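Architecture at a glance
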Amino acid sequence: EEVSAQAAVSAADDHLDDFIRALARTLLRVVNDEIKSPRYLRYFTVTPSSLVRLGLESEVARVRGWVDSLGSEPEKELQDLGARLRVLVEQGDQVLERRRKAAAARSDHRVRAIAPFIDEINRARLALYGSLTQKAAENHLARDWADRFFRHNTRPPKEEPQPVPPNGPSAA
């Protein structure tokens, strides 16, 4: 569910990014390409590309206040964009909430099911180790006999870098 929720967040972020680009183009057309126009700066205090680089949660927070402003703009095309933004913000909120719930469910599962299972396995391993140690003592086996039943390190040791002679490798 968490992967599916993240995919939905990514899709919603893409839709909002497309909207921001479209809004920037429309606004520039309305203000005759004056990027210093107060109307343009009302929405874009930073470049549209800076907004697009944000994640969905930050992006939704930044554009949420634009919905009513766009709805009150005199141009019909900006009003229509305001209605579209309202839908995108709602969808963004929904998928972000879905992702939060999925992450919480995963955390709950780890705490309630996986962590106790790992604890149970470790208790069983310790009990088995104790039994094997006792058998080793009873049968006069080597001290490390019980250790041989348990995996210790599965990674090969890191190789130490060989020192280079002061005059380079050919001087040796």
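Please refer to the structure higher up on the page.
In short, a report on the structure. (Residues numbered from 1 in each chain as written. Predicted model: local features only at pLDDT ≥ 70, side-chain atom pairs only at ≥ 80, totals over all residues. Heavy atoms only, no water.)

With 28 residues, the main nonpolar core has Leu16, Phe19, Leu23, Phe44, Trp66 and Leu85 as its most contacted residues. Secondary structure elements with two or more residues in this core: helix H1 (2–30), helix H2 (38–43), helix H3 (48–52), helix H4 (56–63), helix H5 (66–71) and helix H6 (76–138). Of the residues forming this core, the biggest block, nine residues, is contributed by H1. With residues near it in sequence (within four places) discarded, Phe44 still touches Ile20, Leu23, Ala24, Leu27, Leu51 and Trp66. (Core = buried A, V, L, I, M, F, W, Y, C linked by side-chain atoms within 4.5 Å. Buried < 20%, exposed > 50% of the residue type's maximum accessible area, 1.4 Å probe, protein only. Helix = DSSP H or I, 4+ residues; strand = E, 2+ residues; numbered from the N terminus. Contact = heavy atoms within 4.5 Å.)

Turning our eyes to something else, we now look at the packing of H4 against H6. Orientation of H4 relative to H6, taken along the N-to-C sense of each, is 145°, at an axis distance of 10 Å. Viewed along their axes, H4 and H6 form a crossing whose handedness is left-handed. Only Leu85, Val89, Gly92, Asp93, Val95, Leu96, Arg99 and Arg100 of H6 make contact with H4, whose side of the interface consists of Leu56, Glu57, Val60 and Val63. By residue class, the composition of the contact of H4 with H6 is seven nonpolar, one polar and four charged. (Axes fitted to C-alpha atoms, helices over the stretch in contact; angles between N-to-C directions. Left-handed = near helix turned anticlockwise from the far one by under 90°. Nonpolar A, V, L, I, M, F, W, Y, C, P; charged D, E, K, R; others polar.)

In this fold, Gly71 is placed in helix H5. Expressed as a C-alpha distance, the spacing of Gly71 and Ala83, which sit twelve residues apart in the sequence, is 6.9 Å.

Take H6 next. When the terminal C-alpha atoms of H6 are compared, their 91 Å separation across 63 residues agrees well with the 93 Å that a helix rising 1.5 Å per residue should span. A bend of about 35° at Arg110 is the largest found in H6. Those residues of H6 that fall on the buried side of the exposure criterion are Leu78, Leu81, Gly82, Leu85, Leu88, Val89, Gly92, Val95, Leu96, Ala102, Leu132 and Ala136. For H6, the elements touching its buried residues are H1, H2, H4 and H5. Looking at the residues trailing H6, positive phi occurs at His140, about 55°. (Expected span 1.5 Å × (residues − 1). Bend = angle between axes of the 7 residues up to and from the residue.)

Next up on the list: the side chain of Thr26. Of note, Thr26 is situated in helix H1. Of the residues examined, Thr26 reaches a relative accessible area of 9% and is grouped as buried.

The next point concerns the packing of aromatic side chains. Following the criterion strictly, the structure yields five aromatic pairs and no others. Residues Phe44 and Trp66 carry aromatic rings whose centres are separated by 5.2 Å and whose planes lie at 70° to one another, so their mutual orientation is edge-to-face. Residue Phe44 is found in the loop between H2 and H3, and its partner Trp66 is found in helix H5; the two are separated by 22 residues along the sequence. For Arg42, the ring lying beneath its charged end belongs to Tyr43, and the centroid distance is 5.2 Å. (Phe/Tyr/Trp six-rings, centres within 6.5 Å; stacked < 30°, edge-to-face > 60°. Lys NZ or Arg CZ within 6 Å of the ring centre and 35° of its normal.)

We now examine H1. With 29 residues, H1 extends 41 Å from end C-alpha to end C-alpha; this agrees with the ideal 42 Å at 1.5 Å per step. Once H1 ends, the next one or two residues include Asn32, with phi positive near 55°.

Attention now goes to the pattern of salt bridges. The tally for this structure, following the rule as stated, stands at 14 salt bridges. Between Asp18 and Arg21 there is a salt bridge, with its nearest N and O atoms 3.3 Å apart. Taken together, the residues span about one helical turn, with Asp18 and Arg21 both in helix H1 at a distance of three residues. Linking Asp93 and Arg64 is a salt bridge whose minimum nitrogen-to-oxygen distance equals 2.9 Å. Pair noted here: Asp93 is in helix H6 and Arg64 is in the loop between H4 and H5, with a separation of 29 residues, a long-range link. Among the residues examined, Arg64 registers a relative accessible area of 40% and is labelled partly exposed. Shared partners join several salt bridges into a network, and the residues in it are Glu57, Glu97, Arg99 and Arg100. (Salt bridge = Lys/Arg side-chain N within 4 Å of Asp/Glu carboxyl O.)

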